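Structural description and commentary
The residues making up each chain are set out below.
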Amino acid sequence: MSELSVNHLLGIKYLNKKDIDLIFETADHFKEVINRSIKKVPTLRDITIANIFFENSTRTKLSFELAEKRLSADVINFSAGQSSLKKGETLIDTVNNILSMKVDMVVMRHPNPGAGIFLSKHVSAAIVNAGDGAHEHPTQALLDSYSIREKLSEVAGKNVVIVGDILHSRVALSNIFALKLQGANVKVCGPKTLIPKHIESLGVEVETNLIKALEWCDVANMLRVQNERMDISYFPTTREYTQQFGVTKSILQKLDKEIVIMHPGPINRGVEITSDVADSGQSIILNQVENGVAIRMAVIYLLASKIK
Amino acid sequence: MFKALDENQGLFVLYGVTCRIAYFCSSNETFVSHMSQRVLLSAKEIHIILHRLACQLLENHLDFSNTVLIGLQPRGIYLARRLTELLQQEYKVRNVDLGSLDITFYRDDFRRGDKILEANQTKIDFLVENKKVVFIDDVLYTGRSIRAALTAVQSFGRPQEIELLTLIDRRFSRHLPIQPNYRGRQVDAINDEKVKVMWQENDGEDAVYLVSR
């Protein structure tokens, strides 16, 4: 009987290949469950999960909440905006107060890198990182790989390019870890200012020419430019960024093969990809969202089974 | 080895039509010196029982036009497939709907045991709404799996009625008021004994063993 090698999901960096395989196999079963007429199973009826979001989120928060409810867990939600944080409470105090209400698992998004790791060392609940600053967003990377596996039958050996704001992206880092672990070839593409120095040490190649990158790849994962994390100007104008790194229908039509287009959302239509690309048959953006629920159910189920 | 078997002799009584117990010195590779196992049903007996069960199903469901068979994962599917083959090939029933149901997410022992529960495939390509459903499993023990299956099948509709068919019915070990409608053989086994059902297509032989530790 297999189980995860970790008690928390803090990042892909802490997982091994077997963990990812187990999560995907479990997600297959949950995907079957969420396509039934009754989409709910009673497995986690004695588990309480707190979703603590110190940063804005639509998709991830809804996806986690849905996954928890489909597993019959009790769910409490907490957003930083309405909290006592503004009154000066520390993170550990906030979380410990929530835990004394007998919460078994915490799903947390936080603007600071390493917030989940810090928390896992100080509180007794199982922690799921739903994004910590520009560090990791493990469930997004898992659902991205799962969607590639679903579309192209396997991840190993596939060429994947991640295009856009690599510097500020937790999705990029988690994706690099996850794809490399599964034996995919990874390139990153974007303005030099938005590609971190020494990123080659993670085993990825840098390509600054979008056309060349697209010609090489089987899958292009398009990232948003995270203006909210930029304190200085990384490129002259959005229009110039779009001209160099935006994917349009005409660019895709010039390629000699049909590549798969992914996007973790939220999309800035007309910036990193045009609407006709986002809504085309090549795009698996909405499949990613559907798979997100199955992946999160699998992660929560597997972590919950380790809670004693 | 025979002496060890003799010591276990008093630990169980076998009820059944023939009351015939075949003692044997196992050449099976699963045999460990501190464990002993004996044959409860031989391949021939299983063959006869499968035909009887198929006939009993036919008696109650005739052409299976409103009946579906559901094998319970992981081990009930072998029996379910065998019965379906028999019904189609030997008894010329044209169309038998067969599905498999995994009950992992409906079990009541999640996080209570040491072992992690691993899921299996559920494949039900038909509606169970207003159908007569027959659950098929190899061994009926505490009844908890069947309880879980009763809940799980509700996700696929509201059946008209549900019956239970089981190859081995372990009497006196039930935790819940659940009894089979069709049974292959009733067995009295004590709790630390295990009933092992082997199928040719998966385990290399048709046999049922009682393993004592």
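Residues numbered from 1 in each chain as written. Chains lettered and ligands numbered in written order. Predicted model: local features only at pLDDT ≥ 70, side-chain atom pairs only at ≥ 80, totals over all residues.

1. Some points on the overall build of chain A
- In terms of helices and strands, chain A carries eleven helices and nine strands.
- Relative to the compact-globule value of 19 Å for 308 residues, chain A shows a C-alpha radius of gyration of 19 Å, a close match.
- Taken along its principal axes, the extent of the C-alpha atoms in chain A is 55 × 45 × 35 Å.
- When contacts within chain A are restricted to residue pairs at least 6 apart in sequence, those whose partners lie at least 24 apart make up 75%. (Helix = DSSP H or I, 4+ residues; strand = E, 2+ residues; numbered from the N terminus. Rg over C-alpha atoms; globule rule 2.2 N^0.38 Å. Contact = placed C-beta atoms within 7 Å.)

2. Describing the sheet that holds strand S3 (residues 97-101) of chain B
Residue and element names in this part refer to chain B.
- Strand order in the open sheet made by the five strands is S3-S2-S4-S5-S6, with parallel pairing throughout. Pairing within the sheet leaves two strands with one partner each, and these edge strands are S3 and strand S6 (182-187). Looking at each pair of strands side by side, their axes are set apart by 25° on average, direction ignored.
- Examined bridge by bridge, strand S2 (residues 67-72) and S3 share five bridges and lie parallel to one another. When the bridges of S3 are listed, Leu69 appears paired with Leu98.
- The sheet strands contacting helix H3 (residues 76-89) are S2, S3, strand S4 (132-140) and strand S5 (161-170), and the helix crosses S2 at an angle near 145°.
- The sheet strands contacting helix H4 (residues 144-153) are S2, S3, S4 and S5, and the helix crosses S4 at an angle near 155°. (Pairing = 2+ DSSP bridges. Axes fitted to C-alpha atoms, helices over the stretch in contact; angles between N-to-C directions.)

3. Some points on the sheet that holds strand S4 (residues 126-132) of chain A
Residue and element names in this part refer to chain A.
- Strand order in this open sheet of four strands is S2-S1-S3-S4, and the pairing throughout is parallel. Only two strands of the sheet have a single neighbouring strand rather than two, namely strand S2 (74-79) and S4. Geometrically, the sheet is characterised by an average inter-axis angle of 15° between neighbouring strands, direction not taken into account.
- Sheet topology note: the strand S1 (residues 48-53)/strand S3 (residues 105-110) ladder contains five bridges and is parallel. Bridging across to S3, Ile49 finds its partner in Met105.
- On the sheet, helix H4 (residues 115-122) packs against S3 and S4 and is oriented at approximately 165° with respect to S4.

4. Concerning the interface of chain B and chain A
- Chain B puts 14 residues into the contact, and the matching count from chain A is 16 residues.
- Tallied by class, the residues present in the side of chain B that touches chain A amount to seven nonpolar, four polar and three charged. (Nonpolar A, V, L, I, M, F, W, Y, C, P; charged D, E, K, R; others polar.)

5. Section: the domain arrangement of chain A
Residue and element names in this part refer to chain A.
- On domain assignment, one finds that chain A holds domain 1 (12-137 + 289-304) and domain 2 (139-284).
- Between domain 1 and domain 2, the residue contacts involve 21 residues of the former and 21 residues of the latter.
- Elements with a minimum of two residues in the side of domain 1 that touches domain 2: helix H1 (17-34), S4 and helix H11 (285-304).
- Across the side of domain 1 that touches domain 2, the residue classes break down as nine nonpolar, six polar and six charged. (Domains from an automatic or database assignment.)

6. Details of the environment of Arg45 of chain A
Residue and element names in this part refer to chain A.
- Its place among the elements puts Arg45 in the loop between H1 and S1.
- The class of Arg45 is exposed, set by 12 C-beta atoms lying within 10 Å.
- Expressed as a C-alpha distance, the spacing of Arg45 and Asn291, which sit 246 residues apart in the sequence, is 22 Å. (Buried ≥ 20, exposed ≤ 12 C-beta atoms within 10 Å, placed from the backbone.)

7. Looking at the packing of H1 of chain A against H11 of chain A
Residue and element names in this part refer to chain A.
- Packing of H1 against H11 leaves a shortest axis separation of 8 Å and a crossing angle of 120°. Relative to H11, H1 is oriented oblique. Our pair here, H1 against H11, has a crossing hand that is right-handed. Residues Leu22, Ile23, Thr26, Ala27, Phe30, Lys31 and Ile34 of H1 touch H11, and the partners they reach there are Val293, Ala294, Ile295, Met297, Ala298, Val299, Tyr301 and Leu302.
- Tallied by class, the residues present in the contact of H1 with H11 amount to 13 nonpolar, one polar and one charged. (Parallel < 35°, antiparallel > 145°, perpendicular 65-115°, else oblique. Left-handed = near helix turned anticlockwise from the far one by under 90°.)

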